[in-house]
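# Residue-level structure breakdown
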Amino acid sequence: IGVSTHAPHHAGLTWELFRRERMVLFVSPSHPLARKSNVTLVDVQAFPLVIRNVRGVVGATVQRLNELAAKGLKFKIGMRCEAPYAIKEAVEKNIGIGIVFEDVVKREAERGEFKILRGHGLKLESDTYIVYRDDRPLSALGQEFLRLLRKARTGSERAHVPLSVASATVHSLTNLLLGSALFH
């Protein structure tokens, strides 16, 4: 069981929509754009981007950038990282402007460790999906995790407010549970 930005198309796996996740552009506090309360698209295009890119997978960030490129908006890619923590480390070293899901960097931004860029006009969002096997029953732990995810999703739809279960927490729990006997 897990949460993914891709709906799988494999026998034995099923998926259901979890929620729409917002992606943000962010910089280190010492980056030139950190001093601006609002940045323009031209400001963003002047610096390289640090993005997530797992080999062989076209992820949410690459999909959104490809969509923007088709509309004539070009960006320089300065670095491709396989994990969000690597993007944060690169941004911390001023290698470029990072793009991650908002929940991944929100707490650090609130503490002043990063600055989320506003005003650029880019709408970067991606649907996320709950993915699990349907060819055999989930274990009790797997069923409980699925119930928790569904409850969190339902709560956010009813209230129209951000989900209290952060995506970083969900992804961490998913990674932890992948090593357990969820499907035995």
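## With respect to the environment of Leu73
With respect to the helices, strands and loops of the structure, Leu73 is situated in the loop between helix H2 (60-70) and strand E4 (77-81). Spatially, the C-alpha atoms of Leu73 and Leu41 are 9.1 Å apart, while their sequence positions differ by 32 residues. Sequence-distant contacts of Leu73, that is, excluding residues within four places in its chain, are made with Leu41, Gln45, Leu68 and Leu122.

## Observations regarding the nonpolar core
One finds Leu25, Phe26, Leu49, Ile97 and Ile99 to be the most contacted residues of the largest nonpolar core, which totals 32 residues. By residue number, the principal contributor to this core is strand E2 (residues 13-27), which donates five residues. Each residue touching Leu25, except ones within four places of it in the same chain, is listed here: Val44, Ile97, Gly98, Ile99, Lys115, Ile116, Leu117, His120, Leu122 and Leu124. Counting residues in each nonpolar core, the second largest holds nine residues, with Val3, Ile130, Leu138 and Leu146 among its members.

## What about the environment of Glu21?
With respect to the helices, strands and loops of the structure, Glu21 is situated in strand E2. The spatial distance from the C-alpha of Glu21 to the C-alpha of Leu124 is 8.6 Å, given a sequence separation of 103 residues. A distance of 3.2 Å separates polar atoms of two side chains, one belonging to Glu21 and the other to Arg19.

## What about the confidence of the model for the protein chain?
Summarising the model, the protein chain shows a mean pLDDT of 83, and 83% of its residues fall at 70 or more. Looking over the protein chain, one finds the lowest element-wise mean pLDDT in helix H6 (residues 167-178), namely 48, and the highest in strand E6 (residues 115-116), namely 97. Long-range and interchain partners of residues 157-165, a stretch whose pLDDT sits below 50, account for nine contacts in this model, where long-range means more than four residues apart. A low-confidence stretch, residues 172-184 (pLDDT under 50), is modelled with 22 contacts involving residues beyond four sequence positions or located in other chains.

## Regarding helix H4 (residues 102-110)
Taken as a whole, H4 has its buried residues at Glu102, Asp103, Val104, Val105 and Glu108. Phi turns positive, to about 85 degrees, at Gly112, one or two residues after H4.

## Regarding the side chain of His120
Examined against the element boundaries, His120 turns out to sit in the loop between E6 and strand E7 (125-133). Judged by its relative accessible area of 13%, His120 falls in the buried class. A polar atom in the side chain of His120 sits 3.0 Å from the backbone nitrogen of Leu122. Ignoring anything within four residues of it in the chain, the contact list for His120 reads Leu25, Val39, Thr40, Leu41 and Val44.

## Overview of the environment of His120
The spatial distance from the C-alpha of His120 to the C-alpha of Leu25 is 9.2 Å, given a sequence separation of 95 residues. In terms of polar contacts, His120 uses its side chain to reach the backbone carbonyl oxygen of Leu117, at 3.4 Å.

## Details of the pairing of E4
Bridge count for strand E3 (residues 49-52) against E4 is four bridges, and the pairing is parallel. Bridge pairing in E4 places Leu49 opposite Ile77. Each parallel crossover has a hand, and for E3 linked through H2 to E4 it is right-handed.

## Considering the pairing of strand E5 (residues 97-101)
For E5, the tally of buried residues reaches five of five residues, placing the bulk of the element in the interior. Note that E2 and E5 share four bridges and pair antiparallel. When the bridges of E5 are listed, Leu25 appears paired with Ile99. Across two bridges, the pairing between E3 and E5 is parallel. What sits directly across from Val50, in E5, is Gly98.

## A closer look at the packing of aromatic side chains
Throughout the structure, instances matching the rule amount to two aromatic pairs. Consider the rings of Trp15 and Tyr129, whose centres lie 5.0 Å apart with planes at 85 degrees: the pair is edge-to-face. Highlighted residues: Trp15 in strand E2 and Tyr129 in strand E7, separated in sequence by 114 residues. Overall, Trp15 belongs to the partly exposed group, its relative accessible area being 36%. By relative accessible area, which is 15% here, Tyr129 ends up buried. Residues Phe26 and Phe114 carry aromatic rings whose centres are separated by 5.0 Å and whose planes lie at 85 degrees to one another, so their mutual orientation is edge-to-face. Pair noted here: Phe26 is in strand E2 and Phe114 is in the loop between H4 and E6, with a separation of 88 residues, a long-range link. For the pair Phe26 and Phe114, a shared accessibility class is recorded, and that class is buried.

Rules used throughout
- Residues numbered from 1 in each chain as written.
- Predicted model: local features only at pLDDT ≥ 70, side-chain atom pairs only at ≥ 80, totals over all residues.
- Heavy atoms only, no water.
- Helix = DSSP H or I, 4+ residues; strand = E, 2+ residues; numbered from the N terminus.
- Contact = heavy atoms within 4.5 Å.
- Core = buried A, V, L, I, M, F, W, Y, C linked by side-chain atoms within 4.5 Å.
- Buried < 20%, exposed > 50% of the residue type's maximum accessible area, 1.4 Å probe, protein only.
- Polar contact = N/O pair within 3.5 Å; in protein donor to acceptor, adjacent residues only side chain to side chain.
- pLDDT = per-residue confidence, 0-100.
- Pairing = 2+ DSSP bridges.
- Right-handed = clockwise from strand over helix to strand, strands pointing away.
- Phe/Tyr/Trp six-rings, centres within 6.5 Å; stacked < 30°, edge-to-face > 60°.

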